[in-house]
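# Report on the structure
One-letter residues, chain by chain:
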Amino acid sequence: MLEIIFYPLNNQTPCSIELASDFLRWLAQSDFMEIGAERPTEIEIDGENVTLELVKLGEGNNSNRKRLRDFLLEAIAQESDAVLNQLNNAAAKQEYQAITYKLRKLQQLRKCVENETYQYLQRL
């Protein structure tokens, strides 16, 4: 498992989203990884200042936050259509969970991107 972490300001608790390697590969091949440049950024974690490679989310119409949100909304729309088509043939709970994994992770990412408490993200 790999993860994407969203960091707020002022030493607040970050949000970490664990991702399966195949989902992360899909993200890596998409526009998601092209949005925003990772830069060394000093933030406070657990009372200590650390420097991490982070993408500043920012505000406004051309911000990384808006671009990531637009990407995620489009991916969610496409994945929703694919999931609905696959659910017609799904029988078992395990199969249902496998079919909906990508959609659930896209929704988690979208919610963190839209939450203006988080000012940075880290792609690990």
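For the structure itself, look to the data block above.
Heads up: these notes are all about the structure in this document. (Residues numbered from 1 in each chain as written. Predicted model: local features only at pLDDT ≥ 70, side-chain atom pairs only at ≥ 80, totals over all residues. Heavy atoms only, no water.)

### Some thoughts on the sheet that holds strand 5 (residues 118-123)
Here we have five strands laid out as an open sheet, ordered 2-1-5-4-3, and antiparallel in their pairing. Strand pairing shows two members of the sheet lacking a second neighbour, strand 2 (15-19) and strand 3 (39-45), which therefore form its edges. Across the sheet, the mean angle from the axis of one strand to that of its neighbour is 40 degrees, orientation sign disregarded. Pairing of strand 3 with strand 4 (residues 48-56) involves seven bridges; the strand directions are antiparallel. Within strand 4, the residue paired with Ile45 across the bridge is Glu48. Contacting strand 1 (2-8) and strand 2, helix 1 (residues 21-28) crosses the sheet at an angle of about 100 degrees to strand 2. Across the sheet, helix 3 (residues 93-114) touches strand 1, strand 2 and strand 5, and the angle it forms with strand 2 is around 160 degrees. (Pairing = 2+ DSSP bridges. Helix = DSSP H or I, 4+ residues; strand = E, 2+ residues; numbered from the N terminus. Axes fitted to C-alpha atoms, helices over the stretch in contact; angles between N-to-C directions. Contact = heavy atoms within 4.5 Å.)

### Let's talk about the pattern of salt bridges
If you walk through the whole model with that rule in mind, you get five salt bridges. A salt bridge links Lys66 to Asp70, with the nearest nitrogen and oxygen atoms 2.9 Å apart. Of the two residues, Lys66 and Asp70 both sit in helix 2 (residues 64-87), four residues apart, roughly one turn of that helix. Residues participating in the shared-partner salt-bridge network are Arg69, Arg110 and Glu114. (Salt bridge = Lys/Arg side-chain N within 4 Å of Asp/Glu carboxyl O.)

### Some words on the environment of Gln78
Mapped onto the secondary structure, Gln78 falls in helix 2. A relative accessible area of 51% places Gln78 in the exposed class. Sequence separation between Gln78 and Leu109 is 31 residues; the distance between their C-alpha atoms is 15 Å. (Buried < 20%, exposed > 50% of the residue type's maximum accessible area, 1.4 Å probe, protein only.)

### Details of the nonpolar core
Ranked by internal contacts, the top residues of the largest apolar core, which has 28 residues, are Ile4, Phe6, Leu19, Leu27 and Leu109. Counting only elements with at least two residues in this core, the list comes to strand 1, strand 2, helix 1, helix 2, helix 3 and strand 5. Among the elements that line this core, the one with the most residues is helix 3, at seven residues. Setting aside its immediate chain neighbours within four residues, Leu27 contacts Ile4, Leu19, Phe32, Met33, Phe71 and Leu109. In terms of nonpolar packing, the next biggest core, distinct from the first, is built from six residues, Ile5, Leu52, Leu54 and Tyr120 among them. (Core = buried A, V, L, I, M, F, W, Y, C linked by side-chain atoms within 4.5 Å.)

### Quick notes on helix 3
Under the 1.5 Å per step criterion, the end-to-end length of helix 3 is 30 Å for 22 residues, consistent within 8% with the ideal 32 Å. The largest bend in helix 3 amounts to roughly 45 degrees and is located at Thr100. Those residues of helix 3 lying buried are Ile99, Thr100, Tyr101, Leu103, Lys105, Leu106, Leu109, Arg110, Cys112 and Val113. Residues of helix 3 that are buried in the fold lie against strand 1, strand 2, helix 1, helix 2 and strand 5. (Expected span 1.5 Å × (residues − 1). Bend = angle between axes of the 7 residues up to and from the residue.)

### Points about the side chain of Gln122
Within the secondary structure, Gln122 is located in strand 5. Classification of Gln122 as buried rests on a relative accessible area of 10%. At 2.8 Å, the side chain of Gln122 forms a polar contact with the side chain of Tyr7. Those residues within four positions of Gln122 in sequence are excluded, and the remaining contacts are Glu3, Ile4, Ile5, Tyr7, Leu52, Glu53 and Leu54. (Polar contact = N/O pair within 3.5 Å; in protein donor to acceptor, adjacent residues only side chain to side chain.)

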